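# Close look at the chain arrangement
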Amino acid sequence: MNAWLLLLPAAVLLVAFTHYPILATIRRSLFITKRNGAEMFVGLDSYQAMAADPIFWKALINNFWFALGTIPTSIAFALVMAIWVNRNMRGRGFVRLAYFTPTVLPMIAVANIWLFFYTPDYGLLDQLRGVFGLGGWNWLGDPSTVMGCLIVMVIWKEAGFFMIFYLAALQQLSPDLDEAAAIEGASRWYTFRRITFPLLMPTTLFVAINAVINSFKLVDHLVIMTKGGPNNASTLLLYYIYEVAFAFQDSSYAATLTVVLLLLLSAVALVKFGYLDRRIHYQ
Amino acid sequence: MSAITMSHVSKCWGPMRAVDDVSLTADEGSLLVLLGPSGCGKSTTLRLIAGLEEADAGRITIGGADVTHLGPAQRKISMVFQSYALFPHLSVAENIVFGLRVRRVSRVERDERLKRVADIVGLSHLLERKPSQLSGGQRQRVALGRAIIAEARVCLMDEPLSNLDAKLRHEMRTEIRALQQRLGMTMVYVTHDQTEAMTMADRVVLMRDGRIEQNGTPEELYNRPATAFTARFVGTPPMNLVRQGDRLIGVRPEHIRIVSGADHVVRVKAVEHLGADSIVLCEFDGQSISVRLDGFSKAHPGEDITIAWEARHEHWFNPTSEARLENENAIKADRLASLGQ
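Fair warning: this is a prediction, and the values are worked out from it, not measured in the lab. All chains use their own residue numbering, which begins from 1 and follows the written sequence. Throughout, the order in which chains and ligands are written sets their labels, letters from A for the former and numbers from 1 for the latter. Selection of residues for local features in this predicted model requires a pLDDT of at least 70, selection of side-chain atom pairs for listing and counting requires 80 or more, and totals for whole chains, interfaces and linings are taken over all residues.

## Quick look at the packing of helix α3 (residues 54-85) of chain A against helix α7 (residues 143-172) of chain A
All names here are of chain A.
- Helix axes are fitted to C-alpha atoms over the stretch in contact, other axes to C-alpha atoms as well, and angles between N-to-C directions run from 0 to 180 degrees. A run of H or I in DSSP counts as a helix once it spans at least four residues, and a run of E counts as a strand once it spans at least two, with each numbered from the N terminus. One can describe the packing of α3 onto α7 by two numbers: an axis separation of 6 Å at closest approach and a directional angle of 40°. In terms of orientation, α3 lies oblique with respect to α7. Every pair of crossing elements has a handedness; the one defined by α3 and α7 is right-handed. Here roughly perpendicular refers to angles of 65 to 115 degrees, roughly parallel to angles under 35, roughly antiparallel to angles over 145, and oblique to all remaining angles. In this scheme the crossing of two helices becomes right-handed for a clockwise turn of the near helix relative to the far one and left-handed for an anticlockwise turn of less than a right angle.

## What to know about the UniProt feature "domain: ABC transmembrane type-1" (unreviewed entry) in chain A
- UniProt positions are given in the numbering used here, feature names are shortened, and annotations may be inferred rather than shown by experiment. According to UniProt, the feature "domain: ABC transmembrane type-1" (unreviewed entry) maps to residues 60-272 of chain A in the numbering used here.
- For the annotated span residues 60-272 of chain A, helix accounts for 78% and strand for 0% of the residues, and the straight-line distance between the end C-alpha atoms is 22 Å.

## Remarks on the interface of chain A and chain B
- Residues are treated as contacting if the C-beta atoms built from their backbones sit within 7 Å of each other. Every contact between the two is made by 16 residues of chain A and, on the other side, 17 residues of chain B.
- Put simply, the parts of the chain that give the side of chain A that touches chain B at least two residues each are α8 (175-183) and α9 (188-217) of chain A.
- A per-element tally of the side of chain A that touches chain B places α8 of chain A first, with 6 residues.
- Charged residues are taken to be Asp, Glu, Lys and Arg, nonpolar residues to be Ala, Val, Leu, Ile, Met, Phe, Trp, Tyr, Cys and Pro, and polar residues to be all remaining types, Gly included. Tallied by class, the residues present in the side of chain A that touches chain B amount to 9 nonpolar, 4 polar and 3 charged.

## Side note on the sheet that holds strand β13 (residues 257-258) of chain B
All names here are of chain B.
- At least two DSSP bridges between two strands are required for those strands to pair. If you trace the 5 strands from one edge of the open sheet to the other, you get β13-β17-β14-β15-β16, paired in antiparallel fashion. Each edge of the open sheet is held by one strand with a lone partner, namely β13 and β16 (287-294).
- As paired elements, strand β14 (residues 264-273) and strand β17 (residues 304-308) share 4 bridges and run antiparallel to each other. Bridging across to β17, Arg267 finds its partner in Asp304.

## Let's talk about the environment of Gly184 of chain B
Residue and element names in this part refer to chain B.
- Along the chain, Gly184 turns up in the loop between α6 (166-183) and β8 (186-191).
- Counting other C-beta atoms within 10 Å of a residue's own tells you its class, since 20 or more makes it buried, 12 or fewer makes it exposed, and anything in between is partly exposed; those C-beta atoms are placed from the backbone. Take Gly184: there are 11 C-beta atoms within 10 Å of it, and that puts it in the exposed class.
- With 30 residues separating them along the chain, Gly184 and Val154 place their C-alpha atoms 9.3 Å apart.

## Comments concerning the UniProt feature "transmembrane region" (unreviewed entry) in chain A
All names here are of chain A.
- This chain's UniProt record puts "transmembrane region" (unreviewed entry) on residues 64-85, 97-117, 137-156, 195-213 and 253-275.
- Taken end to end, residues 195-213 is 100% helix and 0% strand, and its two terminal C-alpha atoms sit 28 Å from one another.
- Helix makes up 100% of residues 253-275 and strand 0%, whereas the separation of the span's terminal C-alpha atoms amounts to 33 Å.

## Focus on the confidence of the model for chain A
- With 100% of its residues at a pLDDT of at least 70, chain A reaches an overall mean of 86.
- For every residue, the predictor assigns a confidence score, pLDDT, that lies between 0 and 100. For chain A, per-element mean pLDDT is lowest for helix α10 (residues 220-225) of chain A, which scores 79, and highest for α8 of chain A, which scores 92.

## Considerations on the nonpolar core
- In this usage, the nonpolar core is the set of buried Ala, Val, Leu, Ile, Met, Phe, Trp, Tyr and Cys residues whose C-beta atoms join them within 7 Å. Ala78 of chain A together with Val33, Leu156 and Val188 of chain B are the most contacted members of the largest nonpolar core, which totals 121 residues.
- Excluding residues that lie within four positions of it along the chain, Val33 of chain B makes contacts with Tyr189, Thr191, Ala197, Met200, Ala201, Val204 and Val205 of chain B.
- Counting residues in hydrophobic clusters, the runner-up holds 14 residues, among them Ile249, Val251, Val266 and Ile289 of chain B.

## Thoughts on the pairing of strand β12 (residues 247-251) of chain B
Residues and elements named next belong to chain B.
- Of all 5 residues that make up β12, 4 are buried, and the element is covered over most of its length.
- Counting the residues between successive antiparallel strands, the hairpin from strand β11 (residues 240-244) to β12 contains 2 residues, one of them, Gly245, with a positive phi of roughly 65°.
- Where β12 lies against strand β18 (residues 315-317), 3 bridges are found, and the strand directions are antiparallel. Looking across to β18, one finds that Ile249 is bridged to Trp316.

## Observations concerning the environment of His255 of chain B
Residues and elements named next belong to chain B.
- Position of His255 relative to the elements: it lies in the loop between β12 and β13.
- Separated by 58 residues in sequence, His255 and His313 have C-alpha atoms that sit 6.8 Å apart.
- When neighbours within four sequence positions are excluded, His255 is seen to be in contact with Trp309 and His313.

## What about the sheet that holds strand β4 (residues 57-62) of chain B?
Residues and elements named next belong to chain B.
- Strand order in the open sheet formed by 4 strands is β2-β1-β4-β5, with antiparallel pairing between adjacent strands. Lying at the two open borders of the sheet, with one neighbouring strand each, are β2 (16-26) and β5 (65-66).
- Alignment of β4 against β5, held across 2 bridges, turns out to be antiparallel. Bridge pairing in β5 places Ile62 opposite Ala65.
- Each of β1 (4-13), β2 and β4 touches helix α1 (residues 42-50); the most contacted strand, β2, lies at about 65° to it.

This is how it looks when you write it as structure tokens:
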């Protein structure tokens, strides 16, 4: 009995803000709301409609490319930057701060800064192109470049954040290990490959999970910069859910899309706990 | 060809001279101990020999070759760290053969050498374990195995036993010494524990504030300490030093006897019974003196006793420079002893 009481605060929070909303969402996706407010059970009809919805597929595929473009690159950048600033060097604190700045800036401000970079003709990028005698380019207005522009911005923003985790992990590693490897004649690359990187795997996994979640969570930048356009070229899953729920007021279809998002994220969690955790050395 | 020499080597950290004009030689196949209190520069000296630090001045040679500006890998040495520096994600076997894999030694030879080394250090049944699943003593053996599998002629040890309990430390001390002699390695061994130094070393280099205080055999350090610092550092309990007139007189606790009616009256403060002998801690003129007696001492704290020692057992030091002064009585006694033979 006492044990249950001790669990109560956490249990209340989890049930109220996690478990109940999930179940409610799943239930909601099986009903539709009529004009008069009455609910009608439709079973899997919403899922069938979703499967036939080209914008849903477009958002899903966009999200896939977006994840593929941002996750490995931002992790690689984070690792390289962390190793770079982990050494004893002049102005180390300043460089660390500079890398971390994108993370502390408000997202709306970040989006506006990059909006300026990408603005046709007088934006930063086009001014640079002008120096080389190239004409203006509508970066965010062209379906072929809009996704690349978003990916670059997100990498810029996330790499510094992930760097902090790598930096913390690197400082936990004993310098003796590097020295022991050096005495055995290991090159720096060999030491990194066989010692440092495997010992950073718990951090890499943590960062990768965060990166995956973030890549499915991006909404704010889209609202400011592209609104999913042009022609849905930059629509991501959560942005589409937001549009369906609050612009089109179709909450049952939004619930259906949310279930898909939940399934995707649970699959990621399953891979982490079921497979990767067992293959990674935790100290 | 594995003798190590350092000549006039210095290393500074900012204004601090961690190693100050140190010159020493470790003969081929011998065990040299760098001894000293913490912060005396003994670890830095070892790291200079290993190439983990670069000397600001001076010259270091290993086996006759100048290695002063070479990296650690090119010096053909092995090293055991105080923390053992085992790779936590690799198994015992992988830890031991790490260096062989770096040097691309063939699989067959690797396995063969691993088997031999695992037998020597007694780890054959634990090869698949991770370091976290081993006890302190077993980890120490893995570090030892990794150091000897390279078959380097020079092995450096940085306080390798300081994380072990007393019994294990004693055991490993004997084992490391036996291994060093059996494999004929030149070993430089850093410790702050004078017992380790006295029991293992062919030669002891006692350091203080980055400088060499005394360089000699364990016997020389014990019987003819060059300074009062050495006298105080070596021996358990260390030499008694008493200020008398214009000199500092040192007498080893085992050379003091309790004799009724002798000149020096002292008060007993405490008695430590060690079994085979006892240490009686006394106070004399506000200075403390320890006396080692055979067997179980019956002295009681608070009691006044009289003590005496022979003049030939006195070591004399200059009280300001702490340097050794020649004791005519001791010299005379030695001469008499040699005449008698």
